[in-house]
Amino acid sequence: MARKKIALVGAGQIGGTMALALAQKQLGDIVLIDIAPGVPQGKALDIMEGRSVIYSSALLTGSNDYADLADSDVVIVTAGVPRKPGMSRDDLLGINYGIIQTVGTAIKNTAPNAFVIVITNPLDAMVYAMQKVTGFPSKQVVGMAGVLDSSRLACFVAMELGVAAEDVNAVVMGGHGDTMVSLYNYVSVGGIPLPELMDRETFDKLAVRTANAGGEIVELLKTGSAFYSPGLSAIKMAEAYLLDKKSVLTCAAMLNGEYGVQDLYCGVPVVMGAGGVEKILEVSMTDSEKLAFEKSVEAVKSNAEWVNAQA
Ligand code: APR
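Fair warning: this is a prediction, and the values are worked out from it, not measured in the lab.

## A few points about the domain arrangement of the chain
Interfaces are often sized by the amount of accessible area the parts lose when they come together. Per the domain assignment, the segments making up the chain are domain 1 (5-143) and domain 2 (146-310). Using only C-alpha atoms to locate each centre, domain 1 and domain 2 end up separated by 21 Å. On the domain 2 side, the residues contacting the 41 residues of domain 1 number 47 residues. For the pair domain 1 and domain 2, the two sides together bury roughly 3600 Å², of which 69% comes from carbon and sulfur. Of all residues in domain 1, Arg89, Asp124 and Tyr128 give up the largest surface area on contact with domain 2, accounting jointly for 19% of the area buried on that side. One can count 2 salt bridges joining domain 1 with domain 2. One salt bridge connects Lys25 with Glu239, and the closest N-O pair in it is separated by 3.2 Å.

Written out as structure tokens, the structure reads:
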């Protein structure tokens, strides 16, 4: 079987983290592509030189040329600008939109069969723009946000209860912004529904921290935004696709009628396998969760309308 090719467009903080994680997991050969001269080449070589320590035979290359996207099985896009303290993700809309146009056109021309995972913020609008510019089937273009937001909530629940994070499963839906919706009834701890173990008031505090978790990291780092957990979350999605795992993950997927929403990317649980987004799972919500989800959809919609107005 031929080795898989995974292209990372954007070799910054998240791109570098993903390259290392991919090399460790040996999911395929990796090409890092960035406009910064030397950066993708340097990061690729640095990880190449560590492979004998981690027993990896993955091959890594760095490039400043989109032509090296050719024949990629998976393309993960972080190209763009991250937040600085005081900025919201939406403040990045104008600048990152132009970058997604450039990168999306290159992907369309060089890697028409690739599964595309977008991480660039504001996420829901950028993945929407990516699907529009490539014209790829929507199951082939997906945004990384829900895996991260759900992992953040799982982390906070685990810390509160003093249990292993790996035993906590959480679902956070909606847009990747402060309107995201953490679902109390869909958190499980070693298979036990969270309401058995934690009261609603405590959970609500953790949900607020989850919605602001990206900003909390930005305030601490000062020079950029979170990169380890976003990188790891995207690799989980790439793995689901490459290994046809049929993983149930929350991610920004194109809604075509599901949840009563049309032509919009928004965070929902999906089944992810070799077919990309193979199925969108429509789950029930309480009345207040439904309202919160609708509010989140409205927030995402206004950015999508901005994207459509540029076309
Ligand atoms: N083509 C390729 N790479 C580009 C382009 C482009 N047109 N424009 C910018 N880049 C590169 C930058 O040179 C930089 O190396 O994208 C990289 C972004 O890396 P960082 O600045 O380190 O940002 P990172 O923390 O990785 O976040 C990237 O993901 O989570 C989001 O909000 C975050 O939008 C940001 C993105």
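## A closer look at the site of the ligand
Taken together, 21 residues sit near the ligand, with Gln13, Ile14, Asp34, Tyr66 and Asn121 positioned nearest. Contacts to the ligand include Gly80, whose backbone N or O atom sits 3.4 Å from an oxygen atom. One of the backbone nitrogen or oxygen atoms of Val81 is found 3.1 Å away from an oxygen atom of the ligand. Relative to its free-state accessible area of 730 Å², the ligand is covered by the protein chains to the extent of 86%. Only α1 (13-25) and α4 (93-110) provide two or more residues apiece to the shell around the ligand. In terms of residues, the shell around the ligand owes the most to one element, α4, which gives 3 residues. When grouped by side-chain class, the residues that make up the shell around the ligand number 11 nonpolar, 9 polar and 1 charged.

## A closer look at helix α6 (residues 146-161)
With 16 residues, α6 extends 22 Å between its outermost C-alpha atoms, agreeing within 8% with the 22 Å of an ideal straight helix rising 1.5 Å per residue. Within the span of α6, buried status applies to Gly146, Val147, Leu148, Asp149, Ser150, Arg152, Leu153, Ala154, Phe156, Val157 and Ala158. At the exit of α6 stands Gly162, carrying a positive phi of roughly 70 degrees.

## Quick look at the pairing of strand β13 (residues 262-273)
Moving residue by residue along a regular strand, the side chains alternate between the two faces of the sheet. Of all 12 residues that make up β13, 10 are buried, and the element is covered over most of its length. Where strand β12 (residues 247-256) folds back onto β13 in an antiparallel hairpin, the turn is made up of 5 residues, including Gly257, whose phi is positive at roughly 110 degrees. Note: β13 against strand β14 (residues 276-280), 4 bridges, orientation antiparallel. Its bridge partner being in β14, Val271 is matched across the sheet by Lys279. Here β13 hands over to β14 after 2 residues, the two strands then running antiparallel side by side.

## Overview of the packing of helix α5 (residues 123-134) against helix α10 (residues 287-310)
The contact between α5 and α10 brings their axes to 9 Å, and the two run at 35 degrees. The chirality of how α5 crosses α10 is right-handed. Here α5 contributes Asp124, Ala125, Tyr128 and Ala129 to the contact with α10, which in turn contributes Val300, Asn303, Ala304, Val307 and Asn308. Across the contact of α5 with α10, the residue classes tally to 6 nonpolar, 2 polar and 1 charged.

## Quick word on the pairing of strand β4 (residues 74-77)
Here β4 shows a buried face lined by Val74 and Ile76 and a second buried face lined by Val75 and Val77. Pairing of strand β1 (residues 5-9) with β4, which is carried by 4 bridges, proceeds in the parallel orientation. Residue pairing for β4: Ala7 is matched across the bridge by Val75. In this sheet, strand β5 (residues 115-118) lies alongside β4 in parallel orientation, the contact comprising 4 bridges. Within β5, the position partnered with Val74 by the bridge is Phe115. The parallel pair β4 and β5 is bridged by α4, and the resulting crossover is right-handed.

## Remarks on the sheet that holds strand β10 (residues 188-189)
Sheet strands line up and pair through hydrogen bonds in the backbone, either parallel or antiparallel. Taken in spatial order, the 3 strands of this open sheet run β7-β10-β11, and their pairing is antiparallel. Every other strand in the sheet has two partners, leaving β7 (168-169) and β11 (192-193) as the edge strands with one partner each. Note: β10 against β11, 2 bridges, orientation antiparallel. Across the sheet, Ser188 pairs through a bridge with Pro193, a residue of β11.

Cut-off values and rules
- Within every chain, residues take consecutive numbers counted from 1 along the sequence as written.
- The predicted nature of this model means local features are confined to residues of pLDDT at least 70 and side-chain atom pairs, given and counted, to a pLDDT of 80 or more, with totals for whole chains, interfaces and linings taken over all residues.
- Neither water nor hydrogens contribute to the side-chain values; these are computed over all heavy atoms in the structure.
- Domain start and end points were adopted from an automatic or database domain assignment.
- In what follows, residue pairs with any heavy atoms lying within 4.5 Å of each other are defined as contacts.
- What counts as buried area is the accessible surface, traced by a 1.4 Å probe, that two parts surrender upon association, with contributions from both included.
- Here, a salt bridge means any Lys or Arg side-chain nitrogen found within 4 Å of an Asp or Glu carboxyl oxygen.
- Proximity is defined per residue: any heavy atom of the residue falling within 4 Å of a molecule or strand makes that residue near it.
- Polar contacts, as counted here, are pairs of nitrogen or oxygen atoms within 3.5 Å of one another; within protein the pair requires one atom able to donate a hydrogen and one able to accept it, and residues that are adjacent in sequence qualify only if both atoms are side-chain atoms.
- In this description, accessible areas are obtained by the Shrake-Rupley approach with a 1.4 Å probe, and a residue is regarded as covered only by the protein chains that are shown.
- Note on conventions: DSSP H or I runs of at least 4 residues are helices, E runs of at least 2 residues are strands, and numbering of each starts at the N terminus.
- Here the nonpolar group is Ala, Val, Leu, Ile, Met, Phe, Trp, Tyr, Cys and Pro; Asp, Glu, Lys and Arg are the charged ones; every other residue, Gly included, is treated as polar.
- An expected span of 1.5 Å times one less than the residue number is assigned to each helix.
- Partly exposed describes any residue whose relative accessible area lies between the buried limit of under 20% and the exposed limit of over 50%, with all areas from a 1.4 Å probe on protein chains only and scaled to the type maximum.
- Strand pairing is assigned whenever DSSP detects at least two bridges linking the two strands.
- Axis geometry follows a simple rule: fit a line to the C-alpha atoms, using only the stretch in contact for helices, then measure angles between N-to-C directions, giving values from 0 to 180 degrees.
- For any helix crossing, the convention is left-handed if the near helix is rotated counterclockwise from the far helix by under a right angle, and right-handed if that rotation is clockwise.
- The crossover handedness rule: strands pointing away from the viewer, path from first strand over the helix to second strand clockwise, crossover right-handed.

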